[in-house]
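Topology and contacts: notes
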Amino acid sequence: MDVARGNQEDPRGVAFAKRCFTQEDQRAFAEFCGDFNPVHLDPLAARRTIAGSVVVHGIHATLWALDRFLADHDELPGRLSVNFKKPILLDEEVECRYQSERRMISIWLGDARLVDISLKPGELDAECPLSPQGAPAEQAALLTETDLDQPQTHPLRFRGDPQSARLLFPVL
């Protein structure tokens, strides 16, 4: 289905994909991206966090939604603006919806909107590639609450090989 032309009667937009993220998905994505934070992998450690459970990597959910969107849509955005409203927990069925008038993909759990992905027009930024090379540990920085309130622009660098990327995100 071409989600841009779907029935827009639902104010949440047109549904185009559903999935449950599993512990196995988390391990595969952690291997790919190099983010082994216990909040994404260790149920005991994650239980002690504000979410109270293992949280799906935000970029994993974003790339999955974009991959599923592009499977049925021709227009590749030049940039994305992502707003993580609430965490996605393991083994919950989430649904992607597209609002064509806002050019926005949202990930929902029932009536709760968890993630908004705004598709921005323009040319792809060649200086910000999806790279199979992880950022060195010395480049890692802790973000303060003030930093998190500011828009962030970062290149996507992953440790995984292109074959792993194709398995995780066949369309991207």
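Each remark here, short or long, concerns the structure printed above.
Residues numbered from 1 in each chain as written. Predicted model: local features only at pLDDT ≥ 70, side-chain atom pairs only at ≥ 80, totals over all residues. Heavy atoms only, no water.

**Focus: the environment of Thr62**
- Checked against the element boundaries, Thr62 lands in helix H4 (residues 58–71).
- A C-alpha to C-alpha distance of 9.7 Å links Thr62 and Leu80, two positions 18 residues apart in sequence.
- Aside from chain neighbours lying at most four places away, what touches Thr62 is Val82, Phe84, Val115 and Ile117. (Helix = DSSP H or I, 4+ residues; strand = E, 2+ residues; numbered from the N terminus. Contact = heavy atoms within 4.5 Å.)

**Digging into the packing of aromatic side chains**
- Tallied over the full model, the rule gives 6 aromatic pairs.
- Seen from their ring centres, Phe16 and Phe69 are 5.8 Å apart, and the 65° between their planes marks the pair as edge-to-face. Of this pair, Phe16 sits in strand E1 (residues 14–20) while Phe69 sits in helix H4; the two residues are 53 residues apart in sequence, bridging distant segments of the chain.
- The interplanar angle of 85° and the centroid separation of 5.6 Å between the aromatic rings of Phe21 and Trp64 together place this pair among those described as edge-to-face. Remark: Trp64 occurs in helix H4 and Phe21 occurs in the loop between E1 and helix H1 (23–33); sequence separation between them is 43 residues. Pair check on accessibility: Phe21 and Trp64 agree, each one buried.
- Through successive ring pairs, a cluster of aromatic residues spans Phe16, Phe69 and Tyr98.
- The positively charged end of Arg12 is found above the aromatic ring belonging to Trp108, 5.4 Å away from the centroid. (Phe/Tyr/Trp six-rings, centres within 6.5 Å; stacked < 30°, edge-to-face > 60°. Buried < 20%, exposed > 50% of the residue type's maximum accessible area, 1.4 Å probe, protein only. Lys NZ or Arg CZ within 6 Å of the ring centre and 35° of its normal.)

**Topic: a nonpolar patch on the surface**
- On the surface, a nonpolar cluster with roughly 230 Å² of combined accessible area is contributed by Leu80, Val82 and Phe84.
- Looking at the element boundaries, Val82 is found in strand E2 (residues 79–84).
- You can call Val82 partly exposed: its relative accessible area is 32%. (Patch = residues over 30% accessible without salt bridge, like charges linked within 9 Å, V, L, I, M, F, W, Y side chains within 5 Å. Areas by Shrake-Rupley, 256 points an atom, 1.4 Å probe, with all protein chains shown as cover. Salt bridge = Lys/Arg side-chain N within 4 Å of Asp/Glu carboxyl O.)

**Considerations on the nonpolar core**
- Phe21, Trp64, Ile88, Ile105 and Ile107 are the most contacted members of the largest nonpolar core, which has 31 residues in total.
- Elements supplying a minimum of two residues to this core: E1, H1, H4, strand E3 (93–99), strand E4 (104–109) and strand E5 (112–120).
- Among the elements that line this core, the one with the most residues is H4, at 7 residues.
- If sequence neighbours within four positions are ignored, Ile88 has contacts with Phe21, Val54, Val55, Val56, Ala61, Val94, Ile107, Leu114 and Val115. (Core = buried A, V, L, I, M, F, W, Y, C linked by side-chain atoms within 4.5 Å.)

**Some remarks on the sheet that holds E2**
- The strand order across the open sheet formed by 5 strands is E1-E3-E4-E5-E2, and the pairing between neighbours is antiparallel. Lying at the two open borders of the sheet, with one neighbouring strand each, are E1 and E2. Pairwise comparison of adjacent strand axes, ignoring direction, gives a mean angle of 20° for this sheet.
- The pairing of E4 with E5 spans 6 bridges and is antiparallel. Paired with Met104 across the bridge in E5 is Ser118.
- In this fold H4 packs onto E1, E2, E3, E4 and E5, with an angle of close to 135° to the strand it touches most, E1. (Pairing = 2+ DSSP bridges. Axes fitted to C-alpha atoms, helices over the stretch in contact; angles between N-to-C directions.)

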